[in-house]
Amino acid sequence: AQNGCPDWELASIAGADRVVGLVMSFFSVGAWAPGHVERAGDKTMRMKGYTTFRPGELVPGLGLTERVTSLAEMLDVIDQAQATPHLESERWTKLALNCM
């Protein structure tokens, strides 16, 4: 996941079969030095009842693939994660909430 680096731009270089989209919410970090990342806040969003990570396939209609489900399981170690079959809907929802 990288802000400012659109998934489809990466997919045009690496191929859509090698890129997974990810929506992150309520996640704030500071990168103070190479290899040193500090997360803001004293509670994870899981503790507050929110899902932080929502990985999904770029291509609509693929549903919940094994790689997206596996990625959600890996991210769940950091904070609550849930794979989504509707990546675009998740993005529009986040955009709408950010506008409120």
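An account of the accompanying structure is given in this report. For clarity, every value in this text was computed on a predicted model and none was experimentally measured. (Residues numbered from 1 in each chain as written. Predicted model: local features only at pLDDT ≥ 70, side-chain atom pairs only at ≥ 80, totals over all residues. Heavy atoms only, no water.)

1. Structural notes on the side chain of Thr-84
Turning to step 1, where the next piece is worked out: Within the secondary structure, Thr-84 sits in the loop between α3 (66-75) and α4 (87-98).
Turning to step 2, where the next piece is worked out: With a relative accessible area of 4%, Thr-84 lands in the buried category.
Turning to step 3, where the next piece is worked out: Separated by 3.3 Å, the side chains of Thr-84 and Glu-90 make a polar contact. (Helix = DSSP H or I, 4+ residues; strand = E, 2+ residues; numbered from the N terminus. Buried < 20%, exposed > 50% of the residue type's maximum accessible area, 1.4 Å probe, protein only. Polar contact = N/O pair within 3.5 Å; in protein donor to acceptor, adjacent residues only side chain to side chain.)

2. Focus on α3
Turning to step 1, where the next piece is worked out: Listing the buried residues of α3 in full gives Val-68, Ala-72 and Leu-75. The buried residues of α3 occupy an angular sector of 65° when the element is viewed end-on, so they sit on one face. Set apart from the buried face of α3 by more than 90 degrees, the exposed residues are Glu-66, Glu-73 and Met-74. (Arc of directions from axis to C-beta.)

3. Topic: a nonpolar patch on the surface
Turning to step 1, where the next piece is worked out: Together, Trp-8, Val-59 and Leu-62 make up a nonpolar patch on the protein surface, roughly 280 Å² of accessible area in all.
Turning to step 2, where the next piece is worked out: For Val-59, the location among the structural elements is in the loop between β4 (53-57) and α3. (Patch = residues over 30% accessible without salt bridge, like charges linked within 9 Å, V, L, I, M, F, W, Y side chains within 5 Å. Areas by Shrake-Rupley, 256 points an atom, 1.4 Å probe, with all protein chains shown as cover. Salt bridge = Lys/Arg side-chain N within 4 Å of Asp/Glu carboxyl O.)

4. Here we look at the pairing of β4
Turning to step 1, where the next piece is worked out: Here β4 lies mainly inside the structure; 4 of its 5 residues are buried.
Turning to step 2, where the next piece is worked out: Note that strand β1 (residues 20-24) and β4 share 5 bridges and pair antiparallel. Following the sheet pairing, Leu-22 is matched in β4 by Pro-55. (Pairing = 2+ DSSP bridges.)

5. Some details on the pattern of salt bridges
Turning to step 1, where the next piece is worked out: Using the criterion set out here, one finds 4 salt bridges in the structure.
Turning to step 2, where the next piece is worked out: Residue Arg-54 pairs with Glu-90 through a salt bridge whose shortest N-O separation is 3.4 Å. In this pair, Arg-54 sits in strand β4 while Glu-90 sits in helix α4, placing the two residues 36 residues apart along the sequence.
Turning to step 3, where the next piece is worked out: The salt bridge partner of Glu-57 is Arg-67, with a shortest N-O separation of 2.7 Å. Pair noted here: Glu-57 is in strand β4 and Arg-67 is in helix α3, with a separation of 10 residues, a long-range link.
Turning to step 4, where the next piece is worked out: We classify Arg-67 as partly exposed; its relative accessible area is 30%.

6. Points about the environment of Gln-82
Turning to step 1, where the next piece is worked out: Inspection of the secondary structure puts Gln-82 in the loop between α3 and α4.
Turning to step 2, where the next piece is worked out: Measuring from C-alpha to C-alpha, the distance between Gln-82 and Val-19 comes to 17 Å, with 63 residues separating the pair along the chain.

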